[in-house]
Amino acid sequence: MGIQDMELLAIGVVVILFMAVLKQFGILEPISSFEDSSDSDLELSTVRHQPEGLDQLQAQTKFTRKELQSLYRGFKNECPSGLVDEETFKSIYSQFFPQGDASTYAHFLFNAFDLDRNGSIRFEDFVIGLSVLLRGSVTEKLNWAFNLYDINKDGYITKEEMLAIMKSIYDMMGRYTYPCVRDEAPSEHVDKFFQKMDRNRDGVVTIEEFIETCQKDENIMNSMQLFENVI
Amino acid sequence: MAAGVAAWLPFARAAAIGWMPVANLPMPVAPTEKNKRQDEVIILNVSGRRFQTWRNTLDRYPDTLLGSSEKEFFYNEETKEYFFDRDPDVFRSVLNFYRTGKLHYPRYECISSYDEELAFFGIVPEIIGDCCYEEYKDRKRENAERLMDDQEDNKDAKLPNMTFRETMWRAFENPHTSTMALVFYYVTGFFIAVSVITNVVETVPCGSAPNQKEVPCGERYTVAFFCMDTACVMIFTVEYLMRLFAAPNRYRFMRSVMSIIDVVAILPYYIGLVMTDNEDVSGAFVTLRVFRVFRIFKFSRHSQGLRILGYTLKSCASELGFLLFSLTMAIIIFATVMFYAEKGSSSSKFTSIPASFWYTIVTMTTLGYGDMVPKTIAGKIFGSICSLSGVLVIALPVPVIVSNFSRIYHQNQRADKRRAQKVQKARLARIRLSKAGSSSAFLHSKRNGLFNEALELTQLPYKMSLSEQSSTKEEQHLGKSSSLLESQHHHLLHCLEKTTNHEFVDEQYYQQSYLEGGLQNYPPRSPSLSSQDGVTGTCCSRRSKKHNTPLRNASAPAHMQPLTHPQTHHHGLQELSTIHIQPLSTSRSSLNMRIDEPAPLNCQSSQITTAIISIPTPPVTTPEGDAHLPTGPSHQNVVKVSAL
């Protein structure tokens, strides 16, 4: 009778092995995976966005028709769906700075362009932002820069926010710089910035302090005119 | 910078306004667009078919024919279009490359015509997208093989001035080159056959005298067989020695498979000669005679198919290994099961598990000799499962081996893979180089741009008078060498440098200066740039002792020693290595890189870099000066003049 037990055991083992072999060859699989129906392909792939008409955009911005056309062609070429999400934005911006890591600064830029904070930039946002930067008055440009620095959009630039921005700018330089970027360089730069901007020494920079100081600084005023004829 | 995002450059430049309030230094001057023109549609007439595209689209790749001023040669004034007398179908792919940034290879196109078109338009085939690259490479390899085969057929014409040894080797390798070789080929083939047949017939029982038992022919006609054997072995020995003599690389020949087979085929005879009378080793001697059958492998020199079979088996080692492994696994399992199943039955042949191995093997390979059969019901059930699974296990790896054989029969696989790996590495290196080219291009033109600034900023009188002459030349040269897009991009990077008060440098320079760290302190800057602060240069230092000497020698530019000798030589080597990767062709051959600058690899280039260092006014550039790849010859002239 011991032999019969052995037999049964052997039978059991062989049957299990056999099923394992069959599963290996893919014959038994449909039985086990019958439940998962693959409906993951049912997701709709693209969300498309069409911009507003050319006339409306012309009214909202200071670009001519031809400029808007040329801008849209470039925009659509990179983003056929009409929307730029943050990842695409970061990858595009990083291509201009091959030596460093531009992703953090691109993140801040993205938030500055994405006016309605929905996670994607439409062509309208893009063009409106560009219009301010290239054709706006000095005050508008300074306003835009303040908006960029003010990460949480509360109307005040704190030292932490400025430090984050400064670090992201230094990140864009990359490793191979002369002289080497020391770890204290961003914070020293931030201190200098606050020394210049923070009039009442309250630790934050408000929009008025910012605009006032910038308008008094010749270098900054000159550099604001720099990108006039970009398009 | 990928050409596709060139359209976003205005955006990136506009976003640079974010750096302005933080910057402490004044920003550099923006490049002006000298002939600013609206983007227009240009017409490309290719053999009558008109293609239209924006001018900006073509300007994305300034290294190609359509992106550079070379297309002006094809401009037709009357019809105001560019006329190219080329294939319009292939031109579609070329133009799509400009539009999308990806080059595709159409499958219906002939590989050589496609290559010609690409070469005409100055596009490097290596940038074919991954989707089409495999196909392109395969077709190219087939084409190359075909060409090689054609060449080999022509090569068989007798080359003059071959030594006797070379002639002999060629005769051995290609029997149809001369009649003597052919004769030799057939004679050896005949003797191999004779030898093999002799070995076989030796063991056949010949007719015998009625009173004696049957003896094999070998023992009956000992002398005859011995003579036959001797003759064959002598022929084989002579052949082997002749091959050994003729082989170009004797050591390699001796290690080759065929030569080992030759040796193994003739050795038993000689060993047998040596120890005929020793009784103890006669058993071993008999075993050695088995090796005589290896003579049959000598036929593989005469048969291409046999060689391929051997090669296939070698290359299918993994499939064969899998077959063996799975078989072994199955044999052990089933043998165990059968043993235990049949243990109960009386007079069972399944005495032990190893004894059951024989049954399992015979059943799984569906031989079924019938010398061992299960008697119990359980045994019969498992026996049938065993034979069914045997069919499965054996049938599966066999088609793989078969397909391997057929594939190898049609092409020589292994050598091509090795060649392809080299090409693949080169391709990736080139693509990587072009991506790195954008940053090095910036460092290039930074030096050019700053050089221009230096000429403007300087106030030394003699430089003034000379700079007026040279700066116009300089400007012309600069205007020619960098496109507007590039100059704008470089201006952007320059703004970033000014914002953070640090500069982009070459990786190599960075590493070298980092390694040298702590040599000397940063020398004081000139007053015109004293507004820069916060630069102490602690972690990396300049080799300023090298910089001080050029200032002394500023009066002798023509004979300036290359003071930064090790580094520039290193750079020279670096350039050599980078250019080595690229084929030595025209400036078109790189994607976006400016090859006209690093092209002149002469010793004078090292002098150029030190000459730049000698300009005292912008010390900012001086550490960069020797970090960059040298400039073109026209720069050389300018440098010499102004460094007086």
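Worth saying up front: this structure is predicted, and the values here are computed from it rather than measured.

Tell me about the overall build of chain A, residues and numbers included.
In terms of helices and strands, chain A carries 12 helices and five strands. Residues counted as buried form 41% of the 231 residues belonging to chain A. Counted over contacts in chain A with a minimum sequence separation of 6, partners at least 24 positions apart contribute 57%. Carbon and sulfur atoms provide 55% of the accessible area of chain A, an area that totals close to 12200 Å².

How would you summarise the packing of aromatic side chains if you had to cite specific residues and measurements?
On inspection of all chains with the given rule, the structure shows 47 aromatic pairs over all chains. When the centroid spacing of 5.2 Å and the interplanar angle of 40° are considered together, the rings of A:F75 and A:F126 count as tilted. Linking A:F75 in helix α4 (residues 65–78) with A:F126 in helix α7 (residues 123–135), this pair joins segments that are 51 residues apart in sequence. An identical accessibility class is assigned to A:F75 and A:F126; each is buried. Sitting above the plane of the A:F194 ring, A:K159 keeps its charged end 5.6 Å from the centroid. For the cation-ring pair, B:K298 lies above B:F236, with the distance from its terminal atom to the ring centre recorded as 4.6 Å.

So what about the environment of B:Y340? Which residues, and what values?
Within the fold, B:Y340 resides in helix α14 (residues 317–342). The spacing of B:Y340 and B:F350 is 10 residues in sequence and 8.8 Å in space, taken between C-alpha atoms.

Can you break down the UniProt feature "domain: EF-hand" (unreviewed entry) in chain A residue by residue, with the values?
Residues and elements named next belong to chain A. UniProt marks residues 101–136, 137–172 and 185–220 with the feature "domain: EF-hand" (unreviewed entry), using the numbering shown here. Secondary structure across residues 101–136 divides into 67% helix and 8% strand, with the first and last C-alpha atoms of the span separated by 29 Å. Along residues 137–172 one finds 72% helix and 6% strand; the C-alpha atoms at either end are 28 Å apart.

Residue-level account of the sheet that holds strand β4 (residues 81–84) of chain B, with values.
Residue and element names in this part refer to chain B. Sheet architecture is open: four strands sit in the order β2-β1-β4-β3, paired in mixed fashion. The open sheet has two free edges, formed respectively by β2 (49–54) and β3 (75–76), since each of these has just one partner strand. Where β3 meets β4, two bridges bridge the pair, whose relative direction is antiparallel. Each bridged residue has a counterpart across the sheet, and for Y75 the counterpart in β4 is Y82.

Describe in detail the pairing of β2(B), supporting the description with residues and values.
Residues and elements named next belong to chain B. The pairing of strand β1 (residues 41–46) with β2 spans six bridges and is antiparallel. Looking across to β2, one finds that V46 is bridged to R49. Counting the residues in the hairpin turn of β1 and β2 gives two residues, including S47, whose phi is positive at 50°.

Residue-level account of the UniProt feature "transmembrane region" (unreviewed entry) in chain B, with values.
Under the feature "transmembrane region" (unreviewed entry), the UniProt entry names residues 221–241, 253–275, 320–341, 353–369 and 381–402 of chain B. Across residues 221–241 of chain B one finds 95% helix and 0% strand; the C-alpha atoms that close the span lie 30 Å apart.

Tell me what's going on with the interface of chain A and chain B, and back it up with residues and numbers.
The partner chain B presents 73 residues to the 65 residues of chain A that form the contact. Of the roughly 6400 Å² buried between chain A and chain B on both sides combined, carbon and sulfur atoms contribute 72%. Here chain A and chain B share zero salt bridges between them. Counting across the chain A and chain B interface gives four residue pairs in polar contact (both at pLDDT 80 or more). Among the residues forming the side of chain A that touches chain B, the class breakdown is 47 nonpolar, nine polar and nine charged. Strand direction decides the pairing type here: strand β4 (residues 177–178) of chain A and strand β5 (residues 503–504) of chain B, joined by two bridges, are antiparallel. Its bridge partner lying in β5(B), A:T177 is registered against B:F504.

If you had to explain the pairing of β4(B) to someone new, which residues and values would you point to?
Residues and elements named next belong to chain B. With three bridges joining them, β1 and β4 adopt parallel strand pairing. When the bridges of β4 are listed, N45 appears paired with F83. Two successive antiparallel strands, β3 and β4, enclose a turn made up of four residues, where K80 displays a positive phi of approximately 55°.

Report on the nonpolar core, specifying residues and quantitative values.
Within the largest apolar cluster, 75 residues are counted, with the highest numbers of intra-cluster contacts made by A:Y93, A:F97, A:F126, A:M162, A:F210 and B:W19. Residues contacting B:W19, with those up to four places away along its chain left out, are A:Y93, A:F97, A:Y105, A:Y149, A:I169, A:M172, B:L492, B:C495, B:L496 and B:T499.

Explain the confidence of the model for chain A residue by residue, including any values.
Residue and element names in this part refer to chain A. Of the residues in chain A, 88% have a pLDDT of 70 or more, and the chain-wide mean is 81. Mean pLDDT across the elements of chain A ranges from a minimum in helix α2 (residues 29–32), with 56, to a maximum in helix α6 (residues 103–113), with 89. Per-residue pLDDT stays below 50 along residues 37–41; that stretch engages in zero contacts with residues further than four places along the chain or on separate chains.

Could you give me a rundown of the environment of B:G272, with the residues and numbers involved?
Considering the arrangement of structural elements, one finds B:G272 in helix α11 (residues 257–274). C-alpha of B:G272 to C-alpha of B:R289: the two residues are 17 residues apart in sequence and 8.6 Å apart in space.

Before we move on, can you summarise a nonpolar patch on the surface with the specific residues and values?
All names here are of chain B. On the surface, F226, L267, Y270, L273 and V274 cluster together into a nonpolar patch covering about 480 Å² of accessible area. Take the nonpolar patch: its biggest share by element is four residues, from α11. Residue placement: V274 occurs in helix α11.

Which residues make up the pattern of salt bridges, and what values do they have?
Oppositely charged side chains may form a pair once their charged atoms are brought near each other. Residues and elements named next belong to chain A. This structure, assessed with the given rule, holds 28 salt bridges over all chains. With a shortest N-O distance of 2.8 Å, R65 and D55 are connected by a salt bridge. One end of the pair, R65, is in helix α4; the other, D55, is in helix α3 (residues 54–60), with 10 residues separating them in the sequence. Overall, the relative accessible area of 38% leaves R65 in the partly exposed class. Where E212 meets K216, a salt bridge forms, and the shortest distance between an N and an O atom there is 3.1 Å. Of this pair, E212 and K216 both sit in helix α11 (residues 207–216), four residues apart, which is roughly one turn of that helix. What makes E212 partly exposed here is its relative accessible area of 38%.

Basis of the calculations
Residues numbered from 1 in each chain as written. Chains lettered and ligands numbered in written order. Predicted model: local features only at pLDDT ≥ 70, side-chain atom pairs only at ≥ 80, totals over all residues. Heavy atoms only, no water. Helix = DSSP H or I, 4+ residues; strand = E, 2+ residues; numbered from the N terminus. Buried < 20%, exposed > 50% of the residue type's maximum accessible area, 1.4 Å probe, protein only. Contact = heavy atoms within 4.5 Å. Areas by Shrake-Rupley, 256 points an atom, 1.4 Å probe, with all protein chains shown as cover. Phe/Tyr/Trp six-rings, centres within 6.5 Å; stacked < 30°, edge-to-face > 60°. Lys NZ or Arg CZ within 6 Å of the ring centre and 35° of its normal. UniProt positions renumbered as here; feature names shortened; annotations may be inferred. Pairing = 2+ DSSP bridges. Buried area = accessible area lost by both parts, 1.4 Å probe. Salt bridge = Lys/Arg side-chain N within 4 Å of Asp/Glu carboxyl O. Polar contact = N/O pair within 3.5 Å; in protein donor to acceptor, adjacent residues only side chain to side chain. Nonpolar A, V, L, I, M, F, W, Y, C, P; charged D, E, K, R; others polar. Core = buried A, V, L, I, M, F, W, Y, C linked by side-chain atoms within 4.5 Å. pLDDT = per-residue confidence, 0-100. Patch = residues over 30% accessible without salt bridge, like charges linked within 9 Å, V, L, I, M, F, W, Y side chains within 5 Å.

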